[in-house]
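If you want the building blocks of each chain, they are given just below.
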Amino acid sequence: MMKQKILLFCLLFVGALVCAQDKMPVTYDFGEKFNDRYRYSNLLTISDDGSGGYILVRAYFQGLILKPKGYLIEQYNSNLELVSEYNYKLKGLDFVDGFLKNGQLNLLFLNYNYDRGQYEYWVHRSPIVSYNFRPEKLLSIASEEVRNPVDKNYYNRNFSKGFSTSILFNQEKTGFVISTHHKRGKNNKHIIHLYDTGLNKRFEHDFSHEIEEKNYAFENLAISTDLSTAYIVGKAYFKKKRFRVDERKFQYELIKVSANGSQTQSFVDEGKYPEALYPIILRNRLVCTGFYADRKDNRYNGIAYFDLNPISLAINAKKYNPFSLQFMEDKFGREEDKVVKNLVFKSVEITESNEIFFNAEEYFVTTGMEVTGAGQRVKLERFHHNDIVSAKLDTQGDLVWARNINKAEVTQGDGAYASYSSYCKNGKTYFFICTAADNPQLINNERLIFKQGLSRNRNVFMISLDENGVMDYEKIIDNQEARLPLMVSKPLKDVDESKMLFYAKRGSKKQLVKVSFL
């Protein structure tokens, strides 16, 4: 009898080892918790400092009515220890983006100069070994002041306000495009500027001849390795065409821009309407992939793929891959009203064999009225970060699989705590979400549903999709261990070291969390 008990114990122990080996292939480390005097702040950038440590930039807010007061720059070492802090007291400028290059921290701002009546792009640059910021003007555009000149709306753009501008970085962060569109009376100017991240202007192109019939809202960017050519995807809104209520007012176009001029390729097929296209440079190839609809609204029916000649922009091949039954059941179960919409690109990963993994999120904004304690009615915006959509395309653009992870998150404040981040390794895709939910609902062992939950403490879940799109998940960090919520949608990805770094903060406490892939 004793031998049987020992044998049973051994079998259970071996079974536990086997189960343990099936866990997610990650380890994690918590940095020390540090005190933070700025309770109200937004994380803007997080970068590798080039010597094993990290640089973080936060905008902080103070006052009875919270107003931006400056930028706190934190430096951590490889052991996740806070080494130094620098308070760059600067206010009155609109932060656009920031990046670290060759030991220099660059903060990009847009400013309206009332004395000169113009918008000005500035970069404030400083070495990270000894902070001494020096401002440098990149460009200026004469214009009347407008509200939200860099306002980004995924579904409808307002071109009537006179001036609009956008800044787009490529995924590798080797360069960026500044687009400026100014209209006043009969004067209508649209200029495209390409800079490298050394802040050298590579070229400037007058795009005005293309905007006589259409206004352009640029969305995504790819830049050639030699930084001589930019490929920009955007919506082209028709200006003088009449539309029915249910009809699209735009079409997607790819614009190739260089010092020698520009070329345009539109994506127009009868009964197929591309949406949210993303340009990708693959060695000597250029492809665009995204979603498409079968009718002229924002309901998506599948995944579109275009193979183009990078020189002439001629379309060599195109494919429309309808969403699979598996994907639709992931998202809707057996519901009848099956509408896929409001998808926004989050990331694109390319394997060595040129397979494409891309991830998107169901994102939209709602507004409502709320009564304050003083009895005033105020308008509130709520930002919804819902389902995760992930897809894999083979080298020819055929859909291998598409999966949907049901998630519901809504926030009125800092979106860094909502949404998700992803990482691809060895043909698998991993997702990180931070949620108050203790466990997801798993229906029929396949349909995964995460609900927002009510607790202040957050669990960190990791979801995986293997080479065949088979889904798995695990709670990798319990809320009793992660006492501070992670800014899960703003990580630092270190592909060379196979790790991700997350910033965690609540109130007056902060720390770094490092997740390493085995």
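You'll find the structure just up there.
Keep in mind it's a predicted model, so treat the numbers as computed, not measured.

Parameters and conventions
- Residues numbered from 1 in each chain as written.
- Predicted model: local features only at pLDDT ≥ 70, side-chain atom pairs only at ≥ 80, totals over all residues.
- Heavy atoms only, no water.
- Pairing = 2+ DSSP bridges.
- Helix = DSSP H or I, 4+ residues; strand = E, 2+ residues; numbered from the N terminus.
- Axes fitted to C-alpha atoms, helices over the stretch in contact; angles between N-to-C directions.
- Buried < 20%, exposed > 50% of the residue type's maximum accessible area, 1.4 Å probe, protein only.
- Arc of directions from axis to C-beta.
- Contact = heavy atoms within 4.5 Å.
- Lys, Arg positive; Asp, Glu negative; His and termini not counted.
- Salt bridge = Lys/Arg side-chain N within 4 Å of Asp/Glu carboxyl O.
- Polar contact = N/O pair within 3.5 Å; in protein donor to acceptor, adjacent residues only side chain to side chain.
- Core = buried A, V, L, I, M, F, W, Y, C linked by side-chain atoms within 4.5 Å.
- Phe/Tyr/Trp six-rings, centres within 6.5 Å; stacked < 30°, edge-to-face > 60°.
- Lys NZ or Arg CZ within 6 Å of the ring centre and 35° of its normal.

### Side note on the sheet that holds strand β31 (residues 428-435)
The strand order across the open sheet formed by four strands is β30-β31-β34-β35, and the pairing between neighbours is antiparallel. Of all the strands in the sheet, just β30 (421-425) and β35 (471-477) have a single pairing partner and so form its edges. Averaged over all adjacent pairs, the angle separating strand axes in this sheet is 25 degrees, with direction ignored. Summarising the sheet, β31 and strand β34 (residues 459-465) pair through seven bridges and their orientation is antiparallel. Within β34, the position partnered with C434 by the bridge is V460.

### Section: helix α2 (residues 325-332)
For α2, the set of buried residues is F327, M328, D330, K331 and F332. The buried residues of α2 occupy an angular sector of 165 degrees when projected down its axis, which confines them to one face. The elements touched by buried residues of α2 are β24 (340-341), β26 (356-371), β27 (377-393), β28 (399-407), β33 (447-450) and β35. Downstream of α2 by one or two residues, G333 has phi in the positive range, about 65 degrees.

### Remarks on the side chain of K331
As for its position among the elements, K331 is in helix α2. Contacts of K331, omitting those with residues within four sequence positions, involve V339, V340, E362, D387, N404, N406 and R447.

### Examining the sheet that holds strand β9 (residues 118-127)
With antiparallel pairing, the four strands of this open sheet are ordered in space as β7-β8-β9-β10. Edge positions in the open sheet fall to β7 (94-101) and β10 (134-142), since each of these has one partner strand only. Averaged over all adjacent pairs, the angle separating strand axes in this sheet is 20 degrees, with direction ignored. As paired elements, β9 and β10 share eight bridges and run antiparallel to each other. In the strand pairing of β10, E120 is matched with S140.

### Quick word on the side chain of K256
By the element assignment, K256 lies in strand β17 (residues 250-258). No salt bridge is formed by the buried K256, whose closest oppositely charged neighbour, D226, lies at an N-O distance of 10 Å. One polar contact links the side chain of K256 to the main-chain carbonyl oxygen of P310, over a distance of 3.3 Å. Excluding anything up to four places from it in sequence, K256 contacts T229, A230, Y231, G261, S262, Q263, P310, I311 and L313.

### A closer look at the nonpolar core
Counting 24 residues, the largest nonpolar core has F291, I303, F323, V340, I356 and F358 as its most contacted members. Of all the elements in the fold, those that place two or more residues in this core are β19 (273-282), β20 (285-293), β22 (302-308), α2, β25 (343-350), β26 and β27. Per-element tally for this core: the top contributor is β19, with four residues. The contacts of F323, once residues within four sequence positions are left out, are F291, Y300, N301, G302, I303, M328 and V340. Core analysis: the next-biggest nonpolar cluster, separate from the first, contains 20 residues, Y430, I477, L484 and A504 among them.

### Digging into the pairing of strand β11 (residues 163-169)
On any regular strand, side chains alternate: one points to one face of the sheet, the next to the other face. Within β11, seven of the seven residues are buried, which leaves it mostly tucked inside the rest of the structure. Neither face of β11 is left uncovered, since the one carrying F163, T165, I167 and F169 and the one carrying S164, S166 and L168 both have all their residues buried. Bridge count for β11 against strand β12 (residues 175-184) is seven bridges, and the pairing is antiparallel. Bridging from a neighbouring strand, F169 pairs with F176 of β12. Once β11 ends, the chain turns through five residues before running back antiparallel as β12, passing K173 with a positive phi of about 55 degrees.

### A word on the packing of aromatic side chains
Within the structure shown, the criterion is met by 40 aromatic pairs. Ring geometry for F34 against Y76: centres 6.3 Å apart, planes inclined by 65 degrees, an arrangement best described as edge-to-face. Of the two residues, F34 sits in strand β2 (residues 34-35) while Y76 sits in strand β5 (residues 67-76), which places them 42 residues apart along the sequence. The same class applies to F34 as to Y76, namely buried. Their ring planes at 5 degrees and their centres at 5.4 Å tell us that F291 and Y300 sit as a pair that is stacked. When sorted by exposure, F291 lands in the same class as Y300, which is buried. Put simply, the rings of Y278, F291, Y300, F323, F327, F345 and F358 touch in pairs and so form one group of aromatic residues. Residue placement shows K272 over the ring face of Y320; its charged tip is 5.7 Å from the ring centre.

### What about the pairing of β26?
Pairing between β25 and β26: seven bridges, direction antiparallel. Looking across to β26, one finds that F345 is bridged to A360. Counting the residues that bridge the hairpin from β25 to β26 gives five residues, and of these N354 lies at a positive phi of roughly 70 degrees.

### Regarding unusual backbone geometry
Positive phi, close to 60 degrees, is recorded for L227, a residue that is not glycine. Structurally, L227 can be placed in the loop between β15 (214-223) and β16 (229-238). You will see that N426, though not glycine, has its phi angle at about 55 degrees, which is positive. Mapping N426 onto the fold places it in the loop between β30 and β31. Among the residues examined, N426 registers a relative accessible area of 65% and is labelled exposed.

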